[in-house]
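# Summary of the model geometry
One letter stands for each residue in the lines below.
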Amino acid sequence: MVVFAQQIAVVLLIVYMLVSSLIASEMGPLEIKKNKTVEYFVDYYKTRGKKTLEVSLERYRYFRKIVESVIEEEGLPKEIAYIPIVESNYNGNAISKHRAVGFWQFKYGTAVLFGIEKNQYIDERQDIEKSTRAACKYLKFLYKELGDWDLVIAAYNMGRINLENVIRKTKTRNFWELVAKGYIRKETKEFVAKFYAITTIINRGEVKLGEPIDIEKIELPGGIRLSEVSKITGMSYEEVKMLNPHIKKDIIPPSGANIYLQKDKAFLVKIFLELRA
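Residues numbered from 1 in each chain as written. Predicted model: local features only at pLDDT ≥ 70, side-chain atom pairs only at ≥ 80, totals over all residues. Heavy atoms only, no water.

Okay, the overall build of the protein chain next. Looking only at helices and strands, one finds 13 helices and two strands in the protein chain. Rg of the C-alpha trace for the protein chain: 20 Å, near the compact-globule value of 19 Å for 277 residues, within the 12% margin. Overall, the C-alpha framework of the protein chain stretches about 65 × 45 × 35 Å when taken along its three principal axes. Taking the intrachain contacts of the protein chain between residues at least 6 apart in sequence as the baseline, contacts between residues at least 24 apart amount to 67%. Mean positive and mean negative side-chain charge positions of the protein chain (44 and 35 charges, respectively) differ by 6 Å. (Helix = DSSP H or I, 4+ residues; strand = E, 2+ residues; numbered from the N terminus. Rg over C-alpha atoms; globule rule 2.2 N^0.38 Å. Contact = heavy atoms within 4.5 Å. Lys, Arg positive; Asp, Glu negative; His and termini not counted. Charge placed at Lys NZ, Arg CZ, Asp CG, Glu CD.)

Attention now goes to the side chain of Glu87. Tracing the backbone through its elements, the reader meets Glu87 in helix H4 (residues 83-88). Of the side chains with opposite charge, Arg185 lies nearest to the buried Glu87, which makes no salt bridge, at 9.0 Å. (Buried < 20%, exposed > 50% of the residue type's maximum accessible area, 1.4 Å probe, protein only. Salt bridge = Lys/Arg side-chain N within 4 Å of Asp/Glu carboxyl O.)

Applying the stated criterion across every chain, the model contains 17 aromatic pairs. Ring centres of Phe63 and Phe103 lie 4.9 Å apart, and the angle between their planes is 65°; this geometry places the pair in the edge-to-face category. Placement of the pair is Phe63 in helix H3 (residues 50-73) and Phe103 in the loop between H4 and helix H5 (108-113), with a sequence separation of 40 residues. Through successive ring pairs, a cluster of aromatic residues spans Trp104, Phe106, Phe114, Tyr138, Phe141 and Tyr156. (Phe/Tyr/Trp six-rings, centres within 6.5 Å; stacked < 30°, edge-to-face > 60°.)

This part covers the confidence of the model for the protein chain. When pLDDT is averaged across the protein chain, the result is 92; 90% of the residues are at 70 or more. For the stretch residues 14-25, pLDDT sits under 50, and the model shows six contacts to residues farther than four places along the chain or on other chains. (pLDDT = per-residue confidence, 0-100.)

This paragraph deals with the packing of helix H11 (residues 226-233) against helix H13 (residues 263-276). Taken N-terminus to C-terminus, the directions of H11 and H13 make an angle of 110°; their axes are 9 Å apart at the nearest point. For the element pair H11 / H13, the angle class is roughly perpendicular. When you trace H11 past H13, the crossing you get is right-handed. Contacts from Glu228, Val229, Ile232 and Thr233 in H11 reach Lys265, Leu268, Val269 and Phe272 in H13. Partitioning the contact of H11 with H13 into residue classes produces five nonpolar, one polar and two charged. (Axes fitted to C-alpha atoms, helices over the stretch in contact; angles between N-to-C directions. Parallel < 35°, antiparallel > 145°, perpendicular 65-115°, else oblique. Left-handed = near helix turned anticlockwise from the far one by under 90°. Nonpolar A, V, L, I, M, F, W, Y, C, P; charged D, E, K, R; others polar.)

We now examine unusual backbone geometry. If you check the backbone angles, Arg99 has positive phi at about 70° while not being a glycine. Take Arg99: it is sitting in the loop between H4 and H5.

Turning our attention to the packing of helix H6 (residues 128-146) against helix H7 (residues 149-158). Where H6 contacts H7, the axes come no closer than 9 Å and their chain directions differ by 125°. One finds that H6 runs oblique with respect to H7. Judged by the sense of rotation from one axis to the other, the crossing of H6 with H7 is right-handed. On H7, the residues that touch Ala135, Tyr138, Leu139, Leu142, Tyr143 and Leu146 of H6 are Trp149, Leu151, Val152, Ala155 and Tyr156. Partitioning the contact of H6 with H7 into residue classes produces eleven nonpolar, no polar and no charged.

Time to look at helix H8 (residues 160-170). Of all the residues in H8, the buried ones are Leu163, Glu164, Val166, Ile167 and Thr170. On an axial view of H8, the arc spanned by its buried residues comes to 155°, and they lie on one face. For H8, the exposed residues lying more than 90 degrees away from the buried face are Ile161, Arg168 and Lys169. Where H8 is buried, its residues contact H6, H7 and helix H9 (175-180). The first or second residue beyond H8 is Lys171, which carries a positive phi of 55°. (Arc of directions from axis to C-beta.)

For the rest of this paragraph, the subject is a nonpolar patch on the surface. On the surface, Phe267, Ile271 and Leu275 cluster together into a nonpolar patch covering about 330 Å² of accessible area. Here Leu275 lies in helix H13. Accessibility expressed as a relative area gives 72% for Leu275, which makes it exposed. (Patch = residues over 30% accessible without salt bridge, like charges linked within 9 Å, V, L, I, M, F, W, Y side chains within 5 Å. Areas by Shrake-Rupley, 256 points an atom, 1.4 Å probe, with all protein chains shown as cover.)

The full count for this structure, using the stated rule, is 20 salt bridges. Arg125 is the partner of Asp123 in a salt bridge, and the nearest nitrogen-oxygen pair spans 2.8 Å. Residue class for Asp123 comes out buried when judged on its relative accessible area of 4%. The exposure class of Arg125 is buried, given its relative accessible area of 5%. Residues Glu164 and Arg160 are paired through a salt bridge, measuring 3.1 Å at the closest nitrogen-oxygen approach. Here Glu164 and its partner Arg160 are both found in helix H8, four residues apart, which amounts to about one turn of the helix. For Glu164, a relative accessible area of 18% puts it in the buried group.

Structure representation (structure tokens):
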């Protein structure tokens, strides 16, 4: 079953590569919506939800350069980087009640179609770079199918097929009309509204993003433990784990793996590897 899923993934990725440049050129700008629901969550994140937003943005400092770089490479609007604030508060260990996992809250069935791997050692849904790349591919696919950012963001939450069924039934492609007529569930309505609210607050400068932290990706051979990395670098174990939730068992798998560390600490691991060789 896993092999079959991987074969499907390869076919889809080939198709994606053939059309991705066309998709990117056809994508319209992301227009930030303003309505009562969005303004309600603008107020929420400035008051009752302020602490939650601040915690999310503090985590985002660690991942910002990686996420923004991938989004730019994929040709998506920069505001897409704020989707994980709504999805997971930029917590790579987040797991939803529907078993969606990681920063971008991928279910395994969707993730594997966009190049994500999972085994007993690693879950790439929790790898910030690889999951962001997969999310961008998925969003570009959704835009190709739906052609409207409101619908794309809604489909990311409720599923493309579910949304297309609603559109087919109502013959309406205006997301906010579908909301007003009661065809969109509360979770999805609030998901889209929260995304626009957070984007609005950030664009207005009503919350500070903070300076991004320089993170470096390095390749480790199998057998090294994250607890060893913590001791070598002087970083706390909690911080090392926060940056590398994709490593499931504290230990690098036999085949090796990439990990992320603060750039000014990563050189210590490189020295350790050279002396160990």
